[in-house]
Amino acid sequence: MKVAKFGGTSLASAEQVRKVCNIILSDPERKVIVVSAPGKRYKEDIKVTDLLIACAESYIKNGKATKEYEAVVERYSEIGRELGVPEEIINNIAKDIYDRFSLYTGNNEKFIDLMKAAGEDNCAKLVASYLQSQGVKATYVNPKDAGLILSSEFGNAQVLPESYENLKSLKDIPGIVIFPGFFGYSKEGDVVTFSRGGSDITGSILAAALDAELYENFTDVDCIYSVNPSIIPNPCPIEEITYREMRELSYGGFNVFHEEALIPVYKKGIPVRVKNTNNPNAPGTTILHTRTNITRPVVGIAYDTRFCCINISKYLMNREIGFGRKVLEILEKEGISYDHSPSGIDSISIVLNQSQLTSEKEKRIVDAFRNKLHVEEITIMRNLALIMVVGEGMSQTVGIAARAARAFAKVGVNIEMINQGLTEISIMFGVKAEESIKAVKSLYSEFFE
Ligand code: ASP
């Protein structure tokens, strides 16, 4: 049995929904289907999820959201009409979204999640009803009825362990199950969503709960590429990649597959195959536990420019027991999570997502470092890019770091920071954001051309 998840572009129009249904029906093993909300039809288009967020925000601000509401309903009506589903289905979708407004209690986060979830929820109803109109036995299943219980972290929920046992009963539903991605319910019964792109997580949870043989993730690219195709045209495709490699690359900026979506399938060893709805015969990329054919030491190169780095120095820091803890405690107090902390003898650098470091927080942190820890020097480097060179084969190959360093030098890019753990599955380089693309191109040419 396979669990298949279809992303937003795969459901953006009636034509796309037809493709999705053909894919579902072409393999009787595709039993549980997870759908996103309709996404973009063309580059400038707006995803239904974003329309719904605008809807919620307008309602919170003005007590009404007529224009925004109509834009959402129009997207569903257009798809529904072209698919020829009964008018009643479209009316029910319009009513479902409208009725959500009356559930606003003044809790904005909760309301935004409730509205956001309407995207996938109604898309699942639409797809199920289209399949039924084609004489297929298909059932829409609501995550509450299926027992998908999440933590009450609005917009950033995590699955609770009891969900896995509850979801097993999906196996007993005859025919095809159409399940909305992206949201579940808290123990209190509220709708809660995962972070953006979270339908991938739903698919992974379902695949793990049902012990699926494969989790297929249908999107709009033929496969995962070894580097972002928007900076290197026609890059090397990845046929197979391990969970660990994928995790590193997702962290580093590969956004084909949600960063958190691997955990449930990883624990069960269920392979994931990324495929293209617009070209389903392409082999795609398989993410699995162990790769057999390691022909190149490096599988992919990712980069992300969202970081900043706080550097602190204090003479004889290395002698002060508990210094590192105190540094991190100051960050913890501000609710800041840090990503890496490469260190020298008398200095520590702390790399974090720069969106967390507002100017007020920066001021309080700098004051605390100076006044409580008596740090002598503090510098903050904003707009730092992290470049990840990733590959299971690197640990058995001498000279990877040398080749990478040469690639940076070739294009005159200064390496601000290097980090490599003992597992040696990736080497991370910090460079100025404006130099990252140049560096990635040079690395690509070193390792792939
Ligand atoms: N529709 C949601 C988003 O745009 C979730 C998803 O597509 O996975 O983030």
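Please refer to the structure placed before this passage.
A quick note: this is a predicted structure, and the numbers were derived from the prediction, not measured.

Rules behind the numbers
Residues numbered from 1 in each chain as written. Predicted model: local features only at pLDDT ≥ 70, side-chain atom pairs only at ≥ 80, totals over all residues. Heavy atoms only, no water. Helix = DSSP H or I, 4+ residues; strand = E, 2+ residues; numbered from the N terminus. Rg over C-alpha atoms; globule rule 2.2 N^0.38 Å. Buried < 20%, exposed > 50% of the residue type's maximum accessible area, 1.4 Å probe, protein only. Contact = heavy atoms within 4.5 Å. Areas by Shrake-Rupley, 256 points an atom, 1.4 Å probe, with all protein chains shown as cover. Pairing = 2+ DSSP bridges. Axes fitted to C-alpha atoms, helices over the stretch in contact; angles between N-to-C directions. Near = heavy atom within 4 Å. Polar contact = N/O pair within 3.5 Å; in protein donor to acceptor, adjacent residues only side chain to side chain. Nonpolar A, V, L, I, M, F, W, Y, C, P; charged D, E, K, R; others polar. Parallel < 35°, antiparallel > 145°, perpendicular 65-115°, else oblique. Arc of directions from axis to C-beta. Expected span 1.5 Å × (residues − 1). Bend = angle between axes of the 7 residues up to and from the residue.

Undergrad: So what's going on with the overall build of the protein? Residues and values would help.
TA: In terms of helices and strands, the protein carries 14 helices and 17 strands. Over its C-alpha trace the protein gives a radius of gyration of 24 Å, about what one expects of a compact globule, namely 22 Å for 449 residues. By principal-axis analysis of the C-alpha atoms, the protein measures approximately 75 × 55 × 40 Å. Among the 449 residues that make up the protein, the fraction classed as buried is 54%. Residue pairs at least 24 apart in sequence account for 75% of intrachain contacts in the protein once pairs closer than 6 positions are excluded. Surface exposure of the protein reaches about 20200 Å², of which carbon and sulfur atoms provide 50%.

Undergrad: Hey, could you go over the sheet that holds strand β10 (residues 240–242) for me, with residue numbers and the actual values?
TA: Read across the sheet, 8 strands follow the order β3-β4-β2-β1-β7-β11-β12-β10 without closing on themselves; strand pairing throughout is mixed. Looking at the sheet topology across the chains shown, the edges are occupied by β3 (138–140) and β10. With strand direction ignored, the average angle separating the axes of adjacent strands in the sheet is 20 degrees. In this structure, strand β7 (residues 214–219) lies alongside strand β11 (residues 272–276), joined through 5 bridges in parallel fashion. Bridge pairing in β11 links Thr219 to Asn276. Those strands touched by helix α9 (residues 243–251) are β10 and β12 (285–288), and its axis lies near 85 degrees from that of β10.

Undergrad: Describe the site of the ligand, with residues and values.
TA: Residues in contact with the ligand, as listed here, are Ser36, Lys47, Thr49, Glu120, Phe182, Arg196, Gly197, Gly198 and Ser199. Measuring from a nitrogen atom of the ligand, one finds a side-chain N or O atom of Thr49 at 2.7 Å. Between an oxygen atom of the ligand and a main-chain N or O atom of Gly198, the distance comes to 3.4 Å. Tallied by class, the residues present in the shell around the ligand amount to 1 nonpolar, 5 polar and 3 charged.

Undergrad: Lay out the sheet that holds strand β13 (residues 300–313) with the relevant residues and their values.
TA: In spatial order, the strands read β14-β13-β15-β17-β16; together these 5 strands make up an open sheet with antiparallel pairing. Taken across any chain shown, the strands that pair with only one partner, and hence form the sheet edges, are β14 (347–353) and β16 (417–419). Across the sheet, the mean angle from the axis of one strand to that of its neighbour is 30 degrees, orientation sign disregarded. Most of the contacts of helix α11 (residues 323–333) go to β14, to which it runs at about 30 degrees, and overall it touches β13 and β14. Relative to the sheet, helix α12 (residues 359–371) contacts β13 and β15 (377–390), its axis offset from that of β15 by approximately 110 degrees.

Undergrad: So, the packing of helix α4 (residues 87–101) against helix α5 (residues 108–133): which residues are in play, and what are the values?
TA: The N-to-C vectors of α4 and α5 enclose an angle of 170 degrees; their axes lie 10 Å apart at closest approach. Considered as vectors, α4 and α5 are oriented roughly antiparallel to each other. Across the interface between the two elements, Ile89, Ile93, Asp96, Ile97, Arg100 and Phe101 from α4 touch Phe111, Leu114, Met115, Ala117, Ala118, Asp121, Asn122, Lys125, Leu126 and Ser129 from α5. When the residues that make up the contact of α4 with α5 are grouped by side-chain class, the tally is 10 nonpolar, 2 polar and 4 charged.

Undergrad: Account for α11, with residues named and values stated.
TA: Of the positions making up α11, those classed as buried are Phe323, Val327, Ile330 and Leu331. Around the axis of α11, the buried residues are gathered within 100 degrees of arc, so they sit on the same side. The exposed residues of α11 that point more than 90 degrees off its buried face are Glu332 and Lys333. Structurally, α11 contributes buried residues whose contacts are with β13, β14 and α12. Within two residues after α11, Gly335 carries a phi angle of roughly 70 degrees, on the positive side.

Undergrad: Quick one: what's the story with α5, residue by residue and with numbers?
TA: With 26 residues, α5 extends 38 Å from end C-alpha to end C-alpha; this agrees with the ideal 38 Å at 1.5 Å per step. For α5, the principal kink sits at Ala118 and spans about 30 degrees. Looking at where α5 begins, the residue whose side-chain oxygen comes 3.3 Å from the main-chain nitrogen of Glu109 is Asn107. The positive-phi residue at the C-terminal boundary of α5 is Gly135, with phi of around 80 degrees.

Undergrad: So, the side chain of Lys314: which residues are in play, and what are the values?
TA: With respect to the helices and strands, Lys314 occurs in the loop between β13 and α11. Accessibility expressed as a relative area gives 12% for Lys314, which makes it buried. Residues contacting Lys314, with those up to four places away along its chain left out, are Glu320, Phe323, Asp346, Leu373, His374, Val375 and Glu376.

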